[in-house]
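Breakdown of the fold
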Amino acid sequence: MKIAVVCYSLTGNSRYAAERIAEGLKADLYPLEPVRPLDPASPMRYVRGGASALLSILPRLKPYDYRSENYDYTVLVFPIWAGRPAAPMLSFVSENTFPPDTVSLVMCSKSGHVRGCMRKLGRYIVGVKKEPGLNLVEPVDASEGTNASALIAYPKELKEHIKQAEKARRSAKAR
Ligand SMILES: Cc1cc2nc3c(=O)[nH]c(=O)nc-3n(C[C@H](O)[C@H](O)[C@H](O)COP(=O)(O)O)c2cc1C
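Residues numbered from 1 in each chain as written. Predicted model: local features only at pLDDT ≥ 70, side-chain atom pairs only at ≥ 80, totals over all residues.

A closer look at the nonpolar core
Judged by nonpolar contacts, the single largest core of 45 residues is most densely connected at V5, A17, I21, L76, V77, V106 and M107. Of all the secondary structure elements, the ones that give two or more residues to this core are β1 (3-7), α1 (13-25), β3 (73-81), α3 (87-95), β5 (103-109), α4 (115-122), β6 (133-137) and α5 (146-174). Ranked by the residues each element gives to this core, the list is headed by β3, at 7 residues. Filtering out sequence-adjacent residues up to four positions away, M107 remains in contact with F78, I80, V114, C117, N135 and L136. (Core = buried A, V, L, I, M, F, W, Y, C linked by C-beta atoms within 7 Å. Buried ≥ 20, exposed ≤ 12 C-beta atoms within 10 Å, placed from the backbone. Helix = DSSP H or I, 4+ residues; strand = E, 2+ residues; numbered from the N terminus. Contact = placed C-beta atoms within 7 Å.)

Next comes the structure, spelled out in structure tokens:
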């Protein structure tokens, strides 16, 4: 079973989560980088980042080696911007296609509200679901407690989900 973890992070939370998840899953990690990155220290990041996520202004990404056909499963780790997936992750999903039930989402935010995010991703990933996935609130600041135990439990839960989904696919084929 080959698993990829693809992440975009502006201020380190998603990168932190992605590294732990990749380690737990023994997965390949692909950090995404926009050609023209936002300055994580500039107050303008909220205006530029928020507008790009709201209006689906998709930034160009630096070349990456990830190819979906090389993996059985892909975990996407990214921040929420203006209630939507951060625009660089939207660029990534718009450039790739994924077979049904082969994508899991790990979303980092300040509030934990991700509904608009699911709607937006549904335009790019057929049948995308919130489960199995993680909804993390500032995992770097709160690296103890709930986030920490969720990050430890998630790789095990995801592996079990993949096993069950594979079993269901095989028995549907046999029928
Ligand atoms: C442009 C921008 C917009 C954001 N919008 C939201 C939002 O709508 N809801 C929310 O809960 N957090 C929002 N945040 C906070 C981030 O989602 C949160 O800090 C996240 O953990 C950052 O992940 P990162 O460190 O990997 O970049 C926003 C941050 C930025 C920079």
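Remarks on the site of the ligand
The local shell around the ligand holds 22 residues, among which N13, S14, G49, P79 and S111 are the closest. Taken together, the elements giving at least two residues each to the shell around the ligand come down to α1, α2 (44-54), β3 and β5. Looking at side-chain class alone, the shell around the ligand contains 7 nonpolar, 11 polar and 4 charged residues. (Near = placed C-beta within 6 Å. Nonpolar A, V, L, I, M, F, W, Y, C, P; charged D, E, K, R; others polar.)

Thoughts on the pairing of β1
Of all 5 residues in β1, 5 are buried, a share of seventy percent or more. As judged from the 5 bridges shared by β1 and β3, these two strands associate in the parallel manner. Counterpart to V5 in the pairing with β3 is V75. As paired strands, β1 and strand β2 (residues 28-31) are joined by 4 bridges and run parallel to one another. What sits directly across from V6, in β2, is Y30. In terms of handedness, the path from β1 via α1 over to β2 forms a crossover that is right-handed. (Pairing = 2+ DSSP bridges. Right-handed = clockwise from strand over helix to strand, strands pointing away.)

None of the figures reported here should be taken as evidence of function without further support.
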